[in-house]
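# Structure assessment
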Amino acid sequence: MEGVSVVGRELRCVLALVIAVFVVTGVAGGAAACTAVYAGSDVTADGSVLIARNEDYGSANWPKHMVVRPREEHKAGAMQEFVTGLAVPWPSVGYRYTAVPDWDPSWGPFEEAGVNEKGVAVSATLSAESNEAVQAADPFIENAGIEEAVIPSLILPRADTAREGVELLGTFVEKYGAMAGNGLAIADKQEIWQMEIGSGHQWVAVRVPDDRCVVAANAFRLKHVDLTDSDNVMASGKVFSLAKEEGFLAEGSTRDDFDFAGTYGVMGDPYNTYRIWLGQKLLTPSVQQNPESERFPLYMTPDEPIKPRDVMDVLRADYSGTVLEGKAERPIGYHGTLESHIIQLRPDLPELISPLIWQCFGTAPYSVYLPFYGSITETPELFRRGNDQYSPNSAWWIFRSVAALAKTDEQRLGSQLQELWRSYEEGLLSRQPYVDEMIASMLADGKGRQAQQLVDDYSSNTAIAAVEQARAYGRQLVTLLTKAGEKDYDPKLCR
């Protein structure tokens, strides 16, 4: 295999050309949007709490890094400051956490997803639009407030539990104001909280039932919210009264049956509803629903216990073979996905290995999900590199460029690449229980230091091996594409 920094001149030139064509022909660009899946512990195959999401963006060439933020002590009065002007006092100790930030922090860190040392996970966010009446009554603020770019960076260093994370974020929204509408998930190994920020200062969070799953897109989803149920619901103090006083409360809403989405959101946009329909169809095919419906049930019971593979399939899905094929323009599996993550919080395993992140870089349909333990102390350097120009030393760009090459002959090379990555993932998925068992055995024998080393080595070595596999696929793709005009062209990738 080639070393990390060695790529031939011919490969660099071909990659640059193909990526340029890839962008010009419309594969990059488009509206930003995301799709999420949440699953309670009673409906997952291994009893894990699961949150997952595609992070989509208007440009396909916007690298993400994967990093570990170290545990830090802070002096009294120290402030956590952001480029928006927001400044929040640091706690005395900021917890270690994983994150997937943007390569360029000029607009904020956009850390998007991660797990902290207390086993609290955040996936943020699903951008969502508030209606005109809401914007008039409690508009979003213009700067120095809470927005997608800062949410994981605020919560992960501070939260000991998912519930505490929601309380913290809710307090920040009410104190500093929100800059945009958003939906997100905060979870630990006991529960998932689905939170939606509907206006400048109003929000609601609901505990996802253990025996249900959720598919969400870029629209508010929370309905039938019982604001009197303090065990399962948290909300801003005026979320109901403001709507009632200002005259935009959704019809039929009461304090114990509050339609938050209908009150604060914009309903019925097919750009969002089609994706929700598709995700629910994949997880619960026994339930027949009209894809043209304006709204779909928030909670569903999947036909089969949910495994990471099932969620991977949802996050890669398009409308092929459905009644929306050729009609719906915006699939779940999207060319503008920057990264995709599936976070499992597994209650029956030791704290060191309870959180497991399946992390995918670039567009999910043409890339691979890799396992990283949430307790890793560092990520490989390749995964901390990359800007908006192609680099052979950036894991994100290596995965992204291979996808770009394969997509130039989508029917043949693209489908082959998908099959190859799926086979690769099957190996990782089948191996994972044995690695878990090995580390758990070390911990039971009091070998904590060795267990941490194996956590780090397995996560790092598995990731680097996948990069080398992507390099190998890339070399094959370049060879095939440069022979495309020859009579003996055989568009076939090898394993």
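See above for the structure.
Here the structure is a predicted model, which means the values were calculated and not measured. (Residues numbered from 1 in each chain as written. Predicted model: local features only at pLDDT ≥ 70, side-chain atom pairs only at ≥ 80, totals over all residues. Heavy atoms only, no water.)

## Quick word on the layout of surface pockets
- Approximately 500 Å³ is the volume attributed to the largest pocket.
- Surrounding the largest pocket, 25 residues form its lining, Ala317, Asp318, Tyr319, Pro331 and Gly333 being those nearest its centre.
- Of all the secondary structure elements, the ones that give two or more residues to the lining of the largest pocket are helix 7 (270-283) and helix 10 (410-444).
- Element by element, the count of residues in the lining of the largest pocket is highest for helix 7, at three residues.
- The residue inventory of the lining of the largest pocket, partitioned by class, reads ten nonpolar, seven polar and eight charged. (1 Å grid on protein atoms, 1.4 Å probe; cavity = no way out; pocket = protein on both sides within 12 Å on 5 of 7 lines; lining within 4 Å. Points joined across faces, edges and corners; volume = space filled by probe spheres on them. Helix = DSSP H or I, 4+ residues; strand = E, 2+ residues; numbered from the N terminus. Nonpolar A, V, L, I, M, F, W, Y, C, P; charged D, E, K, R; others polar.)

## Observations regarding the sheet that holds strand 13 (residues 203-207)
- Read across the open sheet, the six strands follow the order 9-10-11-12-13-15; overall the sheet is antiparallel. The open sheet terminates on both sides in strands that have one partner only, identified here as strand 9 (113-115) and strand 15 (233-235). Taken pair by pair, the neighbouring strands of this sheet meet at an average axis angle of 15°, ignoring direction.
- Of the pairings in the sheet, the one linking strand 11 (residues 181-187) to strand 12 (residues 192-197) comprises six bridges and is antiparallel in character. Counterpart to Ala187 in the pairing with strand 12 is Ile192. (Pairing = 2+ DSSP bridges. Axes fitted to C-alpha atoms, helices over the stretch in contact; angles between N-to-C directions.)

## Quick word on the nonpolar core
- One finds Phe383 and Phe399 to be the most contacted residues of the largest nonpolar core, which totals 115 residues.
- In terms of residue count, helix 11 (residues 448-482) provides more of this core than any other element does, twelve residues in total.
- Discounting residues that sit within four places of it in the chain, Phe383 has contacts with His65, Met66, Phe361, Leu370, Phe372, Ala395, Phe399, Ala463, Ile464 and Val467.
- If you look at the next biggest cluster of nonpolar residues, it comprises 33 residues, including Ala149, Leu156, Leu169 and Trp193. (Core = buried A, V, L, I, M, F, W, Y, C linked by side-chain atoms within 4.5 Å. Buried < 20%, exposed > 50% of the residue type's maximum accessible area, 1.4 Å probe, protein only. Contact = heavy atoms within 4.5 Å.)

## Digging into the pattern of salt bridges
- Using the criterion set out here, one finds 22 salt bridges in the structure.
- A salt bridge links Lys327 to Glu292, with the nearest nitrogen and oxygen atoms 2.5 Å apart. Pair noted here: Lys327 is in the loop between helix 8 (308-315) and strand 16 (337-345) and Glu292 is in the loop between helix 7 and helix 8, with a separation of 35 residues, a long-range link.
- Among the residues examined, Lys327 registers a relative accessible area of 47% and is labelled partly exposed.
- Between Glu381 and Arg385 there is a salt bridge, with the nearest N and O atoms lying 2.8 Å from each other.
- A relative accessible area of 46% places Glu381 in the partly exposed class.
- Judged by relative accessible area, Arg385 falls into the partly exposed class, the value being 30%.
- One salt-bridge network, in which partners are shared between bridges, spans Arg309, Arg316, Glu425 and Glu426. (Salt bridge = Lys/Arg side-chain N within 4 Å of Asp/Glu carboxyl O.)

## Brief notes about the side chain of Gln344
- Mapped onto the elements, Gln344 comes out in strand 16.
- Using a relative accessible area of 3% as the deciding quantity, one classes Gln344 as buried.
- For Gln344, the side chain forms a polar contact with the side chain of Asp46, separated by 3.0 Å.
- Among the polar contacts listed, one links the side chain of Gln344 to the side chain of Trp358, at a separation of 2.9 Å. (Polar contact = N/O pair within 3.5 Å; in protein donor to acceptor, adjacent residues only side chain to side chain.)

## A look at the packing of helix 10 against helix 11
- Relative orientation of the contacting elements helix 10 and helix 11 amounts to 170°, with a least axis distance of 11 Å. As summarised for this structure, helix 10 and helix 11 are arranged roughly antiparallel, according to the angle between their axes.
- Residue composition of the contact of helix 10 with helix 11, by class: 22 nonpolar, five polar and one charged. (Parallel < 35°, antiparallel > 145°, perpendicular 65-115°, else oblique.)

## Observations regarding the sheet that holds strand 17 (residues 355-361)
- Pairing within the open sheet is antiparallel, and its six strands lie in the order 14-1-2-16-17-18. Two strands close off the open sheet at either side, each with one partner strand: strand 14 (213-216) and strand 18 (369-373). Ignoring which end each strand starts from, the neighbouring axes of this sheet average 15° apart.
- As paired elements, strand 2 (residues 49-56) and strand 16 share eight bridges and run antiparallel to each other. Its bridge partner lying in strand 16, Glu55 is registered against Glu339.
- Set on the sheet, helix 7 makes contact with strand 1 (35-39) and strand 14; between it and strand 14 the angle comes to about 150°.

## Some words on the pairing of strand 2
- Taking burial as the measure, the eight residues of strand 2 include eight buried ones, the bulk of the element.
- Neither face of strand 2 is left uncovered, since the one carrying Val49, Ile51, Arg53 and Glu55 and the one carrying Leu50, Ala52, Asn54 and Asp56 both have all their residues buried.
- Direction of pairing for strand 1 relative to strand 2: antiparallel, over a ladder of five bridges. Looking at the pairing, Thr35 lines up with Asn54 of strand 2.

## Observations concerning the pairing of strand 10 (residues 121-128)
- The buried fraction of strand 10 is high, at seven of eight residues.
- Pairing of strand 9 with strand 10, which is carried by three bridges, proceeds in the antiparallel orientation. The residue of strand 10 that forms the bridge with Ala113 is Ser123.
- Hairpin connection from strand 9 to strand 10: five residues lie between these consecutive antiparallel strands, with Gly119 at a positive phi of about 80°.
- Across seven bridges, strand 10 lies against strand 11 in antiparallel orientation. Among the inter-strand pairings, Ala121 is bridged to a residue of strand 11, identified as Ala187.

## Remarks on the state of the cysteines
- In the structure shown here, the tally under the stated rule is zero disulfides.
- Distance from the sulfur of Cys34, which forms no disulfide, to the nearest cysteine sulfur (Cys360) is 14 Å. (Disulfide = S-S within 2.5 Å.)

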